[in-house]
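Read off the chains here:
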Amino acid sequence: YFIQSNLSSCNMVAHTPRNSTLPGGVPKLGQAAVYRKRALYKRKKVQTKPTQEEAPTHKMKNVHGEKNGSTREVPLQKQPRFYPTEDCKKPLNNRRKVKPTKLRSSIAPGTVLILLAGVHRGKRAVFLKHL
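Each value, and the rule that gives it
Residues numbered from 1 in each chain as written. Predicted model: local features only at pLDDT ≥ 70, side-chain atom pairs only at ≥ 80, totals over all residues. Heavy atoms only, no water. Helix = DSSP H or I, 4+ residues; strand = E, 2+ residues; numbered from the N terminus. Buried < 20%, exposed > 50% of the residue type's maximum accessible area, 1.4 Å probe, protein only. Contact = heavy atoms within 4.5 Å. Polar contact = N/O pair within 3.5 Å; in protein donor to acceptor, adjacent residues only side chain to side chain.

Caption draft 1: Up close: the environment of Thr85. For Thr85, the position within the fold is in the loop between β4 (71-75) and β5 (112-114). Along the backbone, Thr85 and Gly25 are 60 residues apart, and their C-alpha atoms lie at a distance of 44 Å.

This is the structure:
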């Protein structure tokens with residue numbers, strides 16, 4: 001992107017994005033359309049990864065005894081003692097908020113109600129208090 005002050009002196013036009021954004025933050029073009037539009041198929045697909053030195057996973061430990069070889073490679077992190085026999089799916093977190101129950105405005109203590117479901121269907125009951 002160019003700064004406005006530089007545009008006037010260089011007679012350059014500001015860059016507008018090829019993939020405009022629709023309402024709701026959704027891009028107008030998909031991944032394949034942008035690939036085609038930018039002509040990425042003409043360019044080399046070689047990636048250069050930065051060389052990173054691997055963190056040590058084992059350390060050398062001195063072992064006593066003549067026939068033990070004097071050193072041994074020991075892992076820095078112990079393996080777990082327990083492995084489940086089958087892969088069990090972890091239950092998803094319940095994201096529902098606990099909201100207080102709303103009561104009809106016409107229902108007040110002392111109102112006669114008719115039960116609509118259950119063993120006592122059709123029976124009348126007196127409303128005492130909201131739980």
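Still more to cover.
Caption draft 2: Structural view of unusual backbone geometry. One non-glycine residue, Ala39, lies in the positive phi region at around 55°. Looking at the element boundaries, Ala39 is found in the loop between α2 (31-37) and β3 (58-62). Here Ala39 falls in the buried class, since its relative accessible area comes to 19%. The phi dihedral of Ser70 falls on the positive side, at around 65°, and the residue is not glycine.

Caption draft 3: Main features of the environment of Arg124. If you trace the backbone, Arg124 turns up in strand β6 (residues 124-126). Sequence separation between Arg124 and Ala14 is 110 residues, and the spatial gap between their C-alpha atoms is 76 Å. Leave out the neighbours within four places in its chain, and Arg124 touches Val112, Leu113 and Ile114. A distance of 3.5 Å separates a polar atom in the side chain of Arg124 from the backbone oxygen of Gly122.

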